[in-house]
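# Chains, contacts and geometry: an overview
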Protein chains: 2
Amino acid sequence: MATTDTISLRVFSLNCWGIRYLSKHCLQRYAMIGELLCKDQHDVVLLQEVWSEKDYLSLKRKLGGSYPHSHYFKSGVIGSGLAIFSRHRIDDAFLYRYSLNGYPYMAHHGDWFGGKAVGMAILNIGRLRAHVYVTHLHAEYCRDKDTYLPHRVVQAWELQQFIRHTSGGADLVILGGDLNMHPQDLGNRLLRTFTGLRDSYLEVTKFDGCEDGMTLIADNPFINKKEIVPFEKGIRIDYILLKGSSKVDIRCESMCTTKGSVPDHPFPYSDHEALSAELQLTQNQAGDDQQTKEQDCTPGKLAELVDIVTEARTEVKVGLHCAERMRYTAARTGVMGLALLLLELTIAAVPWFALGAEQPFPRATFYLLAALCFAILLTTALLYIFYTMEVKSLQGAEDQMRLAVGSLQERLRGVPLAQPVNVERRTPPERQGPFGPEE
Amino acid sequence: MATTDTISLRVFSLNCWGIRYLSKHCLQRYAMIGELLCKDQHDVVLLQEVWSEKDYLSLKRKLGGSYPHSHYFKSGVIGSGLAIFSRHRIDDAFLYRYSLNGYPYMAHHGDWFGGKAVGMAILNIGRLRAHVYVTHLHAEYCRDKDTYLPHRVVQAWELQQFIRHTSGGADLVILGGDLNMHPQDLGNRLLRTFTGLRDSYLEVTKFDGCEDGMTLIADNPFINKKEIVPFEKGIRIDYILLKGSSKVDIRCESMCTTKGSVPDHPFPYSDHEALSAELQLTQNQAGDDQQTKEQDCTPGKLAELVDIVTEARTEVKVGLHCAERMRYTAARTGVMGLALLLLELTIAAVPWFALGAEQPFPRATFYLLAALCFAILLTTALLYIFYTMEVKSLQGAEDQMRLAVGSLQERLRGVPLAQPVNVERRTPPERQGPFGPEE
């Protein structure tokens, strides 16, 4: 495989919807997924929502012959749900847990307990070093009123930071997973523009799959159609993104998705459709590196980045405002609980001071009220701590974004940085306004 | 500065002990630190335990003239306490929060609330790209019976992973901070051996500071001597570590520490001593890259790495055993609380079924007991969730370590990987035994 200058690489990605006892036909579907993977013989398989380690281990036993190398990423209470199977040796693995990931008290949404993260595996493909990432971002439960948007934007920000900073020595970069974002959503643009990752679906000429590459389709019987409103036919939220390097050119030759129903089986593999892409790696001519870097640094590209990061900052600020308000509400409720407790104790203490006065409280009411006050105090204290951590994470992301905008603007102004670029001074004035060049 | 082939770089690191209202003379000490930094004119200043953002902002105002660029890393409830000030432009910043960091109920130790992390800043020094890291690991409260050791080992593991994976494109790497580990502690060896970072203190010839480079000394009036038992004079737990690249050779020319008391001031800067190092960067001859990589891959070095990771795995397994036991205890106590509640409700319900029977419970006792049961249930549920997350993190780190040992052993066996190296088969048999080559 490594002897020719062109290498073919088959990549598979699927959100398995593997919540034991809750997802429908979970075990049967895992058996179907195992069969499919054995039959199709991919090079790299990226799975999400493999929530139970037992299911991972049973897949591993089944796939051992075809995919001798694998890694399961652990995070959170029941997560991260991310697994990778590979025909090529996994040399190293690393996990980055997103700093924000929903709320523990939204247990019915469950994202917080999943400990969403991005897993990185370093694969040796022939003589090439591939950095393969698998991730699953926070779900979007209501597109019109998406309370989790700031969290997802911060996740997308951290994802692009992680990929950008950890792919320094990579010959090729592949990201697969359920991003829970539509192709033109803010987080998606942020991710693609900053990292230079390309959407394989948008490039491919030979495509066989659902209309518009959708991966959550109305025809899938596991889908509640309310989930995809207002999109009647479905949405595209699962991706295989890719990037080459100065050494390797990477191109998506063909791509396909499953289409809901599976021949000879009563139900689909999952509530998501699986993606598989056939990639072509071609050894590059030397000297292309500088050219790629210069392409990344065109004033147009830099200005686009400034716009996107500014949009993301606005979204994070909205989230920050909400988190601060929630923290304030928790603090106020806690103070009220404390005041109620003190009031109750004062009233109850009256007979102690005025001997002979009657106990004003029926005893049962006294204890119930006291228990209520303690419950309020404990809950608000925990919430206050949680919201403070949320505020810190949002502020942290916003600080990083401000720094990034500052650096981008400096580059637009033509100040030579590590990679000096001769660009004209063309930042529109409205972009220069609100941000200093440095935090 | 960038016109000659040799660049001098002054780096400063200090754990500021900046807990507002709790640390002694906090504001006065910050004023002293500000004066020192203004006077000394370093290139890069790495601070830890700047717990209050107000203190960071006041330092930033004071140091704006000498250090125009700065970044404050936010994390956890009150953290991360990490700050960086720089004469050189900060191009980008990124934070990695350690997955383990003590226990929230150990509030008097406070580490959990600090959200310990490693901050990375990318600096442009002339035409060089410096990746500067600042970190602060979990404190060691009792060396003989260090219950936090597995957490600190996992932090050291994550720190080396983060540095290794994010320093791909760096011309030079600098890490400064309070590692809370002695020079030969497991985590320290893990960090240095895996990343190739060198301890500036061990290399320097011109040193002016405390004996043996100690940074927590008995002579410091803020130190409780019990903290450093059994080391009478003090310990060395703060470091400046460094590494060059194929492009740049980095060397520590001279180094100094503060020595407890400060002339003309009634008390020291902090409970830790400050470190400052003068580094010399020399442009390398081309072609050294391959040589460096080959040095990193000698069989001796690989075998040493296998030994250290194996030792770390053992420590993580000990932690895993404890965490699983604690989780089991939480579950068992929760079940007992539930049983008690059910028993109470059953006894209380007797009069409902056997009409005319007397209520067996005094009402007050009933409510108190019920409240106690609920408190037990809530606490054990929270603890169960927390310990499950701890178990997942420890398992995750152990999985990564197993993968690393497998890869290292493969390289020792001479199987060509991404960077093929001709090494003899020399792994001692006892090292090959327990670990498969791949997870």
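As a starting point, this report considers the structure included with it. Quantities reported herein were computed from a predicted structural model and do not represent experimental measurements.

## Digging into the interface of chain A and chain B
Facing the 63 residues of chain A at the interface are 63 residues of chain B. Where chain A abuts chain B, roughly 5500 Å² becomes buried across the two surfaces, and 56% of that area is made up of carbon and sulfur atoms. Here chain A is connected to chain B by 6 salt bridges. Residues Arg164 of chain B and Asp92 of chain A are paired through a salt bridge, measuring 2.9 Å at the closest nitrogen-oxygen approach.

## Remarks on the packing of helix 4 (residues 149-166) of chain A against helix 5 (residues 186-195) of chain A
The relative placement of two packed helices is expressed as an angle between their axes plus a distance between the axes. All names here are of chain A. Remark: helix 4 packs on helix 5, axes separated minimally by 9 Å, with the N-to-C direction vectors making an angle of 15 degrees. When the axis of helix 4 is compared with that of helix 5, the two are roughly parallel. The element helix 4 and its partner helix 5 pack so that their crossing is right-handed. In this structure, helix 4 uses Val153, Ala156, Trp157, Leu159, Gln160, Ile163 and Arg164 to contact helix 5, whose residues at the interface are Leu186, Gly187, Leu190, Leu191, Phe194 and Thr195. Taken together, the residues that form the contact of helix 4 with helix 5 break down as 9 nonpolar, 3 polar and 1 charged.

## Examining the sheet that holds strand 8 (residues 172-178) of chain B
The strands making up a sheet are joined through hydrogen bonds of the backbone, oriented either antiparallel or parallel. All names here are of chain B. The 6 strands lie next to each other as 5-6-7-8-13-9, forming an open sheet whose pairing is mixed. In this open sheet, the two strands that pair with only one neighbour each are strand 5 (90-97) and strand 9 (198-199). In this structure, strand 7 (residues 128-136) lies alongside strand 8, joined through 7 bridges in parallel fashion. In the strand pairing of strand 8, Tyr133 is matched with Leu175. Its contacts with the sheet put helix 4 (residues 149-166) on strand 5, strand 6 (117-125), strand 7 and strand 8, and the angle it makes with strand 7 is roughly 170 degrees. In the packing of helix 5 (residues 186-195) onto the sheet, the strands contacted are strand 8, strand 9 and strand 13 (238-243), and the crossing angle to strand 13 comes to about 15 degrees.

## Quick word on the pattern of salt bridges
Applying the stated rule across the entire model yields 42 salt bridges over all chains. Measuring nitrogen to oxygen at the nearest pair gives 2.9 Å for the salt bridge that ties Asp146 of chain A to Arg152 of chain A. Residues Asp146 of chain A and Arg152 of chain A agree in their burial class; the two are buried. Each of Glu53 and Lys74 of chain A together with Asp399 and Arg402 of chain B takes part in salt bridges that share partners, so that together they form one network.

## Comments concerning the sheet that holds strand 14 (residues 248-257) of chain A
Residues and elements named next belong to chain A. With mixed pairing, 7 strands are arranged side by side in an open sheet as 3-4-2-1-15-14-10. The sheet is open, and its two edges are formed by strand 3 (69-75) and strand 10 (206-208), each paired on a single side. Adjacent strand axes in the sheet meet at a mean angle of 20 degrees when their direction is disregarded. Relative to strand 2 (residues 44-48), strand 1 (residues 6-15) runs parallel, the two being bridged by 5 bridges. Its bridge partner lying in strand 2, Leu14 is registered against Leu47. Set on the sheet, helix 2 (residues 53-63) makes contact with strand 2, strand 3 and strand 4 (79-86); between it and strand 3 the angle comes to about 175 degrees.

About the thresholds
Residues numbered from 1 in each chain as written. Chains lettered and ligands numbered in written order. Predicted model: local features only at pLDDT ≥ 70, side-chain atom pairs only at ≥ 80, totals over all residues. Heavy atoms only, no water. Contact = heavy atoms within 4.5 Å. Buried area = accessible area lost by both parts, 1.4 Å probe. Salt bridge = Lys/Arg side-chain N within 4 Å of Asp/Glu carboxyl O. Axes fitted to C-alpha atoms, helices over the stretch in contact; angles between N-to-C directions. Helix = DSSP H or I, 4+ residues; strand = E, 2+ residues; numbered from the N terminus. Parallel < 35°, antiparallel > 145°, perpendicular 65-115°, else oblique. Left-handed = near helix turned anticlockwise from the far one by under 90°. Nonpolar A, V, L, I, M, F, W, Y, C, P; charged D, E, K, R; others polar. Pairing = 2+ DSSP bridges. Buried < 20%, exposed > 50% of the residue type's maximum accessible area, 1.4 Å probe, protein only.

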